[in-house]
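Understanding the architecture of this molecule
So you can see what is in the structure, the chains are spelled out below.
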There are 2 protein chains.
Amino acid sequence: MDYDEFLDNFKDILKDNSLKYTKQRELIIETIFNNREHHTPEDIYMLIKESNPNINIGIATVYRTLSFLEESKIVSSISFGADGKKYELMLKEHHDHLVCTECGKIIEFHNETIEKEQELIAKEFNFKMTSHIMQLVGICQECQEKQ
Amino acid sequence: MDYDEFLDNFKDILKDNSLKYTKQRELIIETIFNNREHHTPEDIYMLIKESNPNINIGIATVYRTLSFLEESKIVSSISFGADGKKYELMLKEHHDHLVCTECGKIIEFHNETIEKEQELIAKEFNFKMTSHIMQLVGICQECQEKQ
DNA sequence: ATCGATGCAAAAGTTTTGCATATAC
DNA sequence: GTATATGCAAAACTTTTGCATCGAT
């Protein structure tokens, strides 16, 4: 999906919820779109202030917008260890994460066998699954080499 | 494992780290052993205060002890949504969680197919896996019936 | 007697809220 | 013009830290 298409989609969602399209919301969504890693609210706030020294934005707006974006399934969050919640775009195909405890790096992967098995488990427990979180925690190749 | 065996094990770990066996640590470990759900530090603190109105304990001690217990692999923590970190005993065989977004209930399960698949993924990325987190998020049978 | 543990209170974070003002529609 | 959004500052939480005192070894 390119940015224009993505932005239109975002504007539609705002309209559907009778919310307004503001400069701040645009900057937040643009920052998340252009920085495809996982970011804390603080990260996003700082990135915006750096790139746009002229514009005013408060951390509260970032929190408020991220909550709305998560509810609308535009972003998703994962939390690991002491790092707190990190947000990322949900544009991409569904995937899970490998998290390095040494350097904090997050690697994405997708595995169809596991996905199917998860469906079976949910069914077994009569659980209506809406999403799942899977993180393999360990030490990445690079950090192993350093040790 | 019964409590005496468990407690001996805990005492050994304390000794190995030249740490002391205190009343507070005993109460914390006992509370976690006797309440086999997932608890926040605050939960554990309140449970101890309720059952032992006579004894003095500070929330800082609970935090400090839980950190040590997690490092020592006696407890593990999961975090989901806004509820913050929740701790549970690691006594049991390894398992993963189904989390209900309606009532907060946590159901445990174990699936060997997924476990093996995870090993393969870690190998593929040259990742030295130390643990993993898997939570299937959704609505439990009971809450579905209420709707 | 020694050294680690504790409670308390203060500090450090992080996230949320209230409110007057600004802005999109 | 109206209703929502914003920034700011204060508040509410959660977690950590410093320190004098206490207690286990």
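Residues numbered from 1 in each chain as written. Chains lettered and ligands numbered in written order. Predicted model: local features only at pLDDT ≥ 70, side-chain atom pairs only at ≥ 80, totals over all residues. Heavy atoms only, no water.

The subject of this paragraph is a negative patch on the surface. All names here are of chain A. On the surface, D2, D4, E5, D8, D12 and D16 cluster together to form a negatively charged patch. Among the structural elements, E5 can be located in helix α1 (residues 3-16). Take E5: its relative accessible area is 47%, and that puts it in the partly exposed class. (Patch = residues over 30% accessible without salt bridge, like charges linked within 9 Å, V, L, I, M, F, W, Y side chains within 5 Å. Areas by Shrake-Rupley, 256 points an atom, 1.4 Å probe, with all protein chains shown as cover. Salt bridge = Lys/Arg side-chain N within 4 Å of Asp/Glu carboxyl O. Lys, Arg positive; Asp, Glu negative; His and termini not counted. Charge placed at Lys NZ, Arg CZ, Asp CG, Glu CD. Helix = DSSP H or I, 4+ residues; strand = E, 2+ residues; numbered from the N terminus. Buried < 20%, exposed > 50% of the residue type's maximum accessible area, 1.4 Å probe, protein only.)

Near DNA strand D there are 16 residues, and of these N56, I57 and T61 of chain A together with K20 and Y63 of chain B occur at the shortest range. Across the atoms of DNA strand D situated within 4 Å of the protein, the share located in sugar and phosphate is 68%. At a separation of 2.9 Å, a phosphate oxygen of DNA strand D approaches a polar side-chain atom of R25 of chain A. Measuring from a base nitrogen of DNA strand D, one finds a side-chain N or O atom of K20 of chain B at 2.7 Å. Broken down by secondary-structure element, the contributors of at least two residues to the surface near DNA strand D are α2 (23-34) and α4 (59-71) of chain A together with α4 (59-71) of chain B. Partitioned by chemical class, the residues of the surface near DNA strand D number 6 nonpolar, 5 polar and 5 charged. (Near = heavy atom within 4 Å. Polar contact = N/O pair within 3.5 Å; in protein donor to acceptor, adjacent residues only side chain to side chain. Nonpolar A, V, L, I, M, F, W, Y, C, P; charged D, E, K, R; others polar.)

The next subject is the relation of the copies chain B and chain A. By a simple turn and slide, chain B fits onto chain A: the slide is 0.1 Å along the axis, the RMSD is 0.2 Å, and the turn is 179°. Taken together, the rotation and translation relating the two chain copies correspond to the operation of a two-fold axis. In terms of proximity to the rotation axis, the leading residue of chain B is M134 of chain B, whose C-alpha is 2.1 Å off the axis. Interface overlap between copies: 100% of the residues of chain B at the interface are likewise at the interface in chain A, consistent with a symmetric, same-surface contact. (Least-squares fit on C-alpha atoms with pLDDT ≥ 70 in both. Contact = heavy atoms within 4.5 Å.)

Turning next to the interface of chain B and chain A. Listed per partner, the contact involves 34 residues of chain B and 34 residues of chain A. Carbon and sulfur atoms make up 66% of the surface buried where chain B meets chain A, a total of about 3100 Å² over both sides. Applying the counting criterion to the chain B and chain A interface returns 0 salt bridges. For the pair chain B and chain A, the number of links is 14 residue pairs in polar contact (both at pLDDT 80 or more). Listing elements by their share of the side of chain B that touches chain A, those giving two or more residues are β3 (96-100), β4 (106-109), α5 (112-124), β5 (128-139) and α6 (141-146) of chain B. At 12 residues, β5 of chain B tops the list of elements feeding residues into the side of chain B that touches chain A. Broken down by class, the residue content of the side of chain B that touches chain A amounts to 17 nonpolar, 13 polar and 4 charged. Pairing geometry for strand β5 (residues 128-139) of chain A and β5 of chain B, over 11 bridges, is antiparallel. Bridging across to β5 of chain B, V137 of chain A finds its partner in S131 of chain B. (Buried area = accessible area lost by both parts, 1.4 Å probe. Pairing = 2+ DSSP bridges.)

All names here are of chain A. Parsing chain A into structural domains produces domain 1 (3-89) and domain 2 (96-146). The gap between the C-alpha centroids of domain 1 and domain 2 is 24 Å. Each side of the interface is counted separately: domain 1 has 5 residues, and domain 2 has 7 residues. Of the roughly 610 Å² buried where domain 1 meets domain 2, counting both sides, 65% is carbon and sulfur surface. Joining domain 1 to domain 2, the criterion identifies 0 salt bridges. At the boundary of domain 1 and domain 2, one finds 2 residue pairs in polar contact (both at pLDDT 80 or more). (Domains from an automatic or database assignment.)

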